[in-house]
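Below, each chain spelled out in residue letters.
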Amino acid sequence: MNVAKVYGDAVRRRIPDRPERAGELIRTGLHLESFRCAHFADRRMPKAYRFLNSKAVGVVGDALSHPESYAWTNIFAPAELMQTFGLTCVSMECLASYLSGFWLEDCFIDRAEDVGIASTLCSYHKNFIGAVEAGVIPKPALGVTTSMVCDGNVNTFRYMKRRFGVESCVLDIPQEWSPEGERYVVEQLRGLIGVLEHRTGRKYDEDALREAIRRENRSKEYFRDALRRRVTHSYPNTLTLVLFLLLATHLNIGSQWVLDFFRMLDEEIETYPPATGKRLFWIHITPYSQPTLQSYLNYNDRYAVVCDDFNLDYMEHMDEEHPLEALARKMICNIYNGPFERKAEACAAYAKEFRCDAAVEFCHWGCKQSAGGAMLLKEKMRQTGIPMLILDGDALDRRNNHDGQIRTRFEAFLEVVGGEKGEAG
Ligand code: SF4
């Protein structure tokens, strides 16, 4: 029996007439899942990932239970600054993924399309918009997003402001770093601070921000160290865990629990046996519910996603003494910002540094940036000597996934990479 689906069906039945009750059930479900992950997780899941899994679900459950303490963001928003005002960042993509975890995405995507959202929009946006339209997601203190990468984000936040009155701040990020560009973003961050002070009644505390950045630097040192250890040690994971990692590397980076997690990860990897299988570098979102990819990549010693571009999109040391400048630089110099070549070069360099045997890009349906740069990436990987597969599909909407096609292409690719027929875990 699929417990998440059965639970999701109970939520679904309440959405039309009792959306508040449906929202309550979603929050309860998240808290139960957090408890389950902490105490009854899959035995194959390493300790550090159990901790991450439980926290990642728990913080979102808490945020939805206390809407005044959370903000809708994208994953590039300055989470470190928001934390100092007691706000939890919950990204639109994260909420959409969690709703899909309850098997509810079809219902919300249809709802969004019913209110006039274009069917060609990325399903993360539609799922999120549909859920808010349905009344199951509480309104947050405010919304904060950046102009980077995603062509849907700014419009979605504007829509939420117009339709539901959620105050939204958009940080306009220049494509290239320059002293003027950095000052321009710092000025916007000062403007955001004014909004945050007004919304929360708290004063900006620069020392608290410095502390958050210090923890962030430490977290990233552990993370890089862990990835190096992963070259020689096996360490089981799943496609879902690669996504959960985003809550550590982005939405909660700078917090104490994230630092604890990365320390735990770094220490634990060393205790695992030597690595044997093929190592994949993943580009863009991992489609965690895709049956073929699940069967090959979840807890399989023979093939594993060892790192990905999203979680490594900015790994530079940040200047704690000038925290606003450091945040500005982080956004401008993110590998996802600016010309696509920047991302292609960074991906190839990471794949080489962490000894990946192959790369896979998942071009999510409706996402222009992932499809638009795919051939550039493939060429860069070819120059680096790393074979790359481009898969097309919908990472979220199960109705839009064509398992047969993905299976044929993925298995053929594994034969190329492994020199033998692929084997599911
Ligand atoms: S998948 Fe692409 S379009 Fe969708 S939210 Fe992410 S970046 Fe935006």
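Everything that follows concerns the structure shown earlier in this document.
Before going into details, it helps to say that this report is about the structure given with it. (Residues numbered from 1 in each chain as written. Predicted model: local features only at pLDDT ≥ 70, side-chain atom pairs only at ≥ 80, totals over all residues. Heavy atoms only, no water.)

1. Considerations on the site of the ligand
- Taken together, Glu 93, Cys 122, His 125, Cys 150, His 284, Ile 285, His 364, Cys 367 and Gln 369 make up the full set of residues adjacent to the ligand.
- Grouping the constituent residues of the shell around the ligand by class yields 4 nonpolar, 4 polar and 1 charged. (Near = heavy atom within 4 Å. Nonpolar A, V, L, I, M, F, W, Y, C, P; charged D, E, K, R; others polar.)

2. Here's the deal with the layout of surface pockets
- For the second largest pocket, the calculated volume is near 160 Å³.
- Around the second largest pocket, the lining residues are Ser 147, Met 148, Val 149, Gln 175, Ile 335, Tyr 336, Asn 337, Gly 338, Pro 339, Phe 340, Lys 343 and Gln 369.
- Each residue belonging to the lining of the second largest pocket can be placed in one class, and the counts come to 6 nonpolar, 5 polar and 1 charged. (1 Å grid on protein atoms, 1.4 Å probe; cavity = no way out; pocket = protein on both sides within 12 Å on 5 of 7 lines; lining within 4 Å. Points joined across faces, edges and corners; volume = space filled by probe spheres on them.)

3. A closer look at the sheet that holds strand β4 (residues 168-171)
- As summarised here, the arrangement of the 4 strands in space is β2-β1-β3-β4, forming an open sheet in which the pairing is parallel. Each edge of the sheet is formed by a strand with only one pairing partner; in this case those strands are β2 (88-91) and β4. Across the sheet, the mean angle from the axis of one strand to that of its neighbour is 30 degrees, orientation sign disregarded.
- Here strand β3 (residues 142-146) pairs with β4 via 4 bridges, running parallel. Bridge pairing in β4 places Thr 145 opposite Val 170.
- Sitting on the sheet, helix α5 (residues 92-101) is in contact with β1 (70-73) and β2, with an inclination near 65 degrees to β2. (Pairing = 2+ DSSP bridges. Helix = DSSP H or I, 4+ residues; strand = E, 2+ residues; numbered from the N terminus. Axes fitted to C-alpha atoms, helices over the stretch in contact; angles between N-to-C directions. Contact = heavy atoms within 4.5 Å.)

4. Describing the sheet that holds strand β6 (residues 303-308)
- Across the sheet, which stays open at both edges, the 4 strands sit in the order β6-β5-β7-β8 with parallel pairing between neighbours. Among the strands making up the open sheet, the edge pair consists of β6 and β8 (388-393). Each adjacent strand pair in this sheet contributes to an overall mean axis angle of 30 degrees, direction not counted.
- When strand β7 (residues 358-364) meets β8, the two strands line up parallel, connected through 6 bridges. Paired with Cys 363 across the two strands is Asp 392, which belongs to β8.
- Set on the sheet, helix α18 (residues 403-418) makes contact with β5 (278-283), β6, β7 and β8; between it and β8 the angle comes to about 170 degrees.

5. Some points on the packing of aromatic side chains
- Applying the stated rule across the entire model yields 16 aromatic pairs.
- Ring centres of Phe 310 and Tyr 336 lie 4.5 Å apart, and the angle between their planes is 15 degrees; this geometry places the pair in the stacked category. In this pair, Phe 310 is assigned in the loop between β6 and α14 (323-332) and Tyr 336 in the loop between α14 and α15 (340-353), connecting sequence segments 26 residues apart.
- An aromatic cluster is defined as three or more aromatic residues linked by ring pairs; in this entry it consists of Tyr 49, Phe 223, Tyr 235, Phe 261, Phe 262 and Tyr 272. (Phe/Tyr/Trp six-rings, centres within 6.5 Å; stacked < 30°, edge-to-face > 60°.)

6. Examining helix α8 (residues 153-164)
- Between its first and last C-alpha atoms α8 spans 16 Å; for 12 residues at 1.5 Å apiece the expected length is 16 Å, and the two agree.
- On its buried side, α8 packs onto β1, α5, α7 (123-134), β3 and β4.
- With its phi angle positive at about 70 degrees, Gly 165 sits one or two positions after the end of α8. (Expected span 1.5 Å × (residues − 1).)

7. With respect to the packing of helix α9 (residues 179-200) against α14
- At a minimum axis separation of 9 Å, α9 and α14 run at an interaxial angle of 115 degrees. Crossing handedness for the pair α9 and α14: right-handed. In contact with Gly 181, Glu 182, Val 185, Val 186, Leu 189, Arg 190 and Ile 193 of α9, α14 contributes Leu 324, Glu 325, Leu 327, Ala 328, Arg 329, Met 331 and Ile 332.
- The residue inventory of the contact of α9 with α14, partitioned by class, reads 9 nonpolar, 1 polar and 4 charged. (Left-handed = near helix turned anticlockwise from the far one by under 90°.)

8. Regarding unusual backbone geometry
- Of note, Trp 103 is a non-glycine position whose phi angle comes to about 60 degrees, a positive value.
- You can see Trp 103 is positioned in the loop between α5 and α6 (105-114).
- Phi angles above zero are rare outside glycine, and His 284 is one such case at about 75 degrees.
- Within the fold, His 284 resides in the loop between β5 and α13 (291-297).
- What makes His 284 buried here is its relative accessible area of 4%. (Buried < 20%, exposed > 50% of the residue type's maximum accessible area, 1.4 Å probe, protein only.)

9. Overview of the pattern of salt bridges
- Considering all chains together, one arrives at 35 salt bridges under this definition.
- One salt bridge in this structure joins Arg 36 and Glu 33, with 2.9 Å as the shortest N-O distance. Taken as a pair, Arg 36 and Glu 33 lie in helix α2 (residues 19-39) at a separation of 3 residues, close to a single helical turn.
- For Arg 36, a relative accessible area of 36% gives the class partly exposed.
- For Arg 190, the salt bridge identified is with Glu 187, shortest N-O distance 3.7 Å. Placement of the pair is Arg 190 and Glu 187 together in helix α9, with a separation of 3 residues, close to one helical turn. (Salt bridge = Lys/Arg side-chain N within 4 Å of Asp/Glu carboxyl O.)

10. Describing the packing of helix α10 (residues 206-232) against α14
- Viewed as axis vectors pointing N to C, α10 and α14 meet at an angle of 45 degrees, and their least axial separation amounts to 9 Å. The orientation of α10 with respect to α14, classified from their angle, is oblique. When α10 is examined against α14, the residues Glu 206, Leu 209, Arg 210, Ile 213, Glu 216 and Lys 220 are found in contact with a partner set consisting of Pro 323, Leu 324, Ala 326, Leu 327 and Lys 330. (Parallel < 35°, antiparallel > 145°, perpendicular 65-115°, else oblique.)

11. Quick notes on the pairing of β3
- Counted residue by residue, β3 has 5 buried out of 5 residues, so it is predominantly covered.
- Alignment of β1 against β3, held across 3 bridges, turns out to be parallel. Looking across to β3, one finds that Ala 71 is bridged to Leu 142.
- For the handedness criterion, the β-α-β arrangement of β3, α8 and β4 is classed as right-handed. (Right-handed = clockwise from strand over helix to strand, strands pointing away.)

12. Re a nonpolar patch on the surface
- On the surface, a nonpolar cluster with roughly 370 Å² of combined accessible area is contributed by Met 1, Val 3 and Val 6.
- Looking at the secondary structure, you find Val 3 in helix α1 (residues 3-14).
- Exposure remark for Val 3: the relative accessible area of 58% places this residue in the exposed category. (Patch = residues over 30% accessible without salt bridge, like charges linked within 9 Å, V, L, I, M, F, W, Y side chains within 5 Å. Areas by Shrake-Rupley, 256 points an atom, 1.4 Å probe, with all protein chains shown as cover.)

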